[in-house]
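# Results of the structural survey
Listed here are the chains, written in short residue letters.
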Amino acid sequence: MSASDDVPALLHAALAQHALGRQSEAEALYRLILRGAPDHPQALGMLALIVADGPRQDEAEALLRRHIALVPGAGASLHALGRILAGRNSDEEALERLHHAAHLLPGLAPAHNDLGAALHRAGRMDEALQAFERAIAIDPHYGVAHANRGLVLQERRRFEAALEAFAAALAFAASDQNELRPAILVQFAQAARKAGRAPAAEALLRAEWTTRPDDGDIAGELALLLEQSGKTDEAQAVRNDLARRTGLRRPGLARPGAPTLLLLGAVGGGHTPTRYLVDDTMWEVLSLTLLSPDQPDAPLGAVDPAALRQADLVFNTLGDVDHDGGQFAAVDRLIKALDRPALNPPAAIARTGRDQAADLFAGIDGL
């Protein structure tokens, strides 16, 4: 078919491909229609929704705006545009578009959920709760809406109600179907601790950890919960198990040709957060957590020391000399063995203890 072919036939074919989930074929046909009829409202609207589901968000926004200009009451396009704007922190316009979409699509649960998320970001908690509750009323099995409602309740310190909301979210987020489940588990555990229901969270996290032993968020939350419950040995065992399983890992994207930065941590130590300190577009980033000294395979586990020599720079993330877990010596030995430049070398961090503060800052005018 070509752009000169009968538009109804092309549209029928495009919609059929779309219904079958053949997005690429449908997109090509919608674009073919628009070549001959640039303002065809249905082809434009359907193409915009396909593009909005992919990475080409600038093009999606332009298509959606064109469609809304042609069809001001296009609820699906208003919803999609609102989501894109919310992702770009254009909160005022996002709220306007999402409010309009929810009004036009009163029976569409995601429209109300996304409106609630935008209201939450704007600090309009009562309205956000109402939007999430509307989404849940439409679809009681909508796990994401239950989780979002739980976040608002937790921020308002209604911990028991938040716990119930997160429990509902987990009930509708099957472990093999929902990638958000680990995040919801962490929120559940946090609400449980604050509600004085730590045993319930511990039991759930242990069960999930058994099935997801490599999930750092679940293992970390379980270890924190155990530590706060006085079960420090068990907490340390969980952290060592995770460090042993993950070994040397690449937390970001591969950057061929870029210099390699090794983020070096250790079980039991107090770590410097590196999320906003390291630009992973400039570095090939590797991460390693040393096992605690009491482990028989400490400090590297199964990691081959030769693999660490690819590092051009080592960043020691153990930043608290008063909470080093007995690991400063191991980190110092490893850095010296690698013979690489180091940020935060342990000898320098060792001078920052509380008992040395007066000497460290002596002689600074005005302090």
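Before reading further, recall that the structure is shown in the block above.
This write-up is about the structure you can find in this document. Only a predicted model underlies this, so the values are computations on that prediction, with no experimental measurement involved.

How each quantity is defined
Residues numbered from 1 in each chain as written. Predicted model: local features only at pLDDT ≥ 70, side-chain atom pairs only at ≥ 80, totals over all residues. Heavy atoms only, no water. Helix = DSSP H or I, 4+ residues; strand = E, 2+ residues; numbered from the N terminus. Rg over C-alpha atoms; globule rule 2.2 N^0.38 Å. Buried < 20%, exposed > 50% of the residue type's maximum accessible area, 1.4 Å probe, protein only. Contact = heavy atoms within 4.5 Å. Areas by Shrake-Rupley, 256 points an atom, 1.4 Å probe, with all protein chains shown as cover. Axes fitted to C-alpha atoms, helices over the stretch in contact; angles between N-to-C directions. Parallel < 35°, antiparallel > 145°, perpendicular 65-115°, else oblique. Left-handed = near helix turned anticlockwise from the far one by under 90°. Pairing = 2+ DSSP bridges. Salt bridge = Lys/Arg side-chain N within 4 Å of Asp/Glu carboxyl O. Core = buried A, V, L, I, M, F, W, Y, C linked by side-chain atoms within 4.5 Å. 1 Å grid on protein atoms, 1.4 Å probe; cavity = no way out; pocket = protein on both sides within 12 Å on 5 of 7 lines; lining within 4 Å. Points joined across faces, edges and corners; volume = space filled by probe spheres on them. Arc of directions from axis to C-beta. Expected span 1.5 Å × (residues − 1). Patch = residues over 30% accessible without salt bridge, like charges linked within 9 Å, V, L, I, M, F, W, Y side chains within 5 Å.

### Here we look at the overall build of the protein chain
- A tally of regular secondary structure across the protein chain gives 17 helices and 4 strands.
- Over its C-alpha trace the protein chain gives a radius of gyration of 26 Å, far above what one expects of a compact globule, namely 21 Å for 367 residues.
- On the principal axes, the C-alpha backbone points of the protein chain span a range of 80 × 50 × 50 Å.
- The 367 residues of the protein chain split such that 41% are buried.
- When contacts within the protein chain are restricted to residue pairs at least 6 apart in sequence, those whose partners lie at least 24 apart make up 57%.
- Here the protein chain displays about 18900 Å² of accessible surface, and carbon together with sulfur accounts for 53% of that area.

### Section: the packing of helix H11 (residues 181–194) against helix H12 (residues 198–211)
- Taken N-terminus to C-terminus, the directions of H11 and H12 make an angle of 155°; their axes are 8 Å apart at the nearest point. Classed by the angle they form, the pair H11 and H12 counts as roughly antiparallel. Regarding H11 and H12, the two cross each other, and that crossing is left-handed. Mapping the contact onto sequence places Arg181, Leu185, Phe188, Ala189 and Ala192 in H11 and Ala198, Ala200, Ala201, Leu204, Leu205 and Glu208 in H12.

### Some words on the pairing of strand S2 (residues 284–290)
- Burial analysis of S2 places 6 of its 7 residues in the buried class, which makes it a mostly covered element.
- Where strand S1 (residues 260–266) and S2 come together, 7 bridges link them in parallel fashion. Looking across to S2, one finds that leucine 261 is bridged to valine 285.

### Brief notes about the pattern of salt bridges
- Taken as a whole, this structure holds 27 salt bridges when the rule is applied.
- For aspartate 126, the salt bridge is made with arginine 156, and the minimal N-O distance between the two is 2.4 Å. A residue pair is termed long-range when its members are at least 10 positions apart, and aspartate 126 in helix H8 (residues 125–138) and arginine 156 in the loop between helix H9 (143–155) and helix H10 (159–171) qualify at 30 residues.
- Aspartate 126 sits in the partly exposed class, given a relative accessible area of 47%.
- Linked through salt bridges whose partners overlap, the residues forming this network are Asp58, Glu61, Arg65, Arg88, Glu93 and Arg97.

### Some thoughts on the nonpolar core
- Counting residues in hydrophobic clusters, the biggest one holds 39 residues, and the most contacted among them are Leu115, Ile184, Leu205 and Val238.
- Ignoring any residue separated from it by four or fewer positions in sequence, one finds isoleucine 184 in contact with Ala147, Phe166, Ala169, Leu170 and Ala173.
- Core analysis: the second largest hydrophobic core is formed by 28 residues, Leu10, Leu78, Ala80 and Leu81 among them.

### Focus on the sheet that holds S1
- Taking strand neighbours across the sheet as the criterion, the 4 strands line up as S2-S1-S3-S4 in an open arrangement whose pairing is parallel. One side of each edge strand has no neighbouring strand; the edge strands of this open sheet are S2 and strand S4 (342–343).
- Examined bridge by bridge, strand S3 (residues 313–316) and S4 share 2 bridges and lie parallel to one another. Directly across from phenylalanine 315, in S4, lies its bridge partner leucine 343.

### Looking at empty space enclosed by the protein
- Inspection of every chain in the model, using the stated rule, returns 1 cavity of 30 Å³ or more.
- The space that makes up the largest cavity amounts to roughly 40 Å³.
- Along its surface, the largest cavity is lined by Ala243, Arg244, Gly247, Leu288, Thr289, Leu291, Pro299, Leu300, Gly301, Ala302 and Val303.
- For the lining of the largest cavity, the secondary-structure elements that each account for two or more residues are helix H14 (232–246) and S2.

### Quick notes on helix H15 (residues 328–338)
- Those residues of H15 lying buried are Phe328, Ala330, Val331, Leu334, Ile335 and Leu338. Taken down its axis, H15 places every buried residue within 165° of arc, on the same side. Exposed and oriented more than 90 degrees from the buried face of H15 are Arg333 and Lys336.
- Buried residues along H15 sit against S1, S2, S3, S4 and helix H16 (346–349).
- Aspartate 339 lies just past H15 and shows a positive phi near 55°.

### With respect to H11
- Over its 14 residues, H11 extends 20 Å from the first C-alpha to the last, a length consistent with the 20 Å expected when each residue adds 1.5 Å.
- Within H11, burial applies to Arg181, Pro182, Ile184, Leu185, Val186, Phe188, Ala189, Ala191 and Ala192.
- Against the buried residues of H11 lie H9, H10, H12 and helix H13 (216–228).
- Two residues or fewer past H11, glycine 196 is found with a positive phi of approximately 75°.

### Things to note about a nonpolar patch on the surface
- The grouping of Phe361, Ile364 and Leu367 at the surface amounts to a nonpolar patch, some 340 Å² of accessible area in total.
- Along the chain, isoleucine 364 turns up in the segment after helix H17 (357–360).
- Isoleucine 364 gets classed as partly exposed once you look at its relative accessible area, which sits at 44%.

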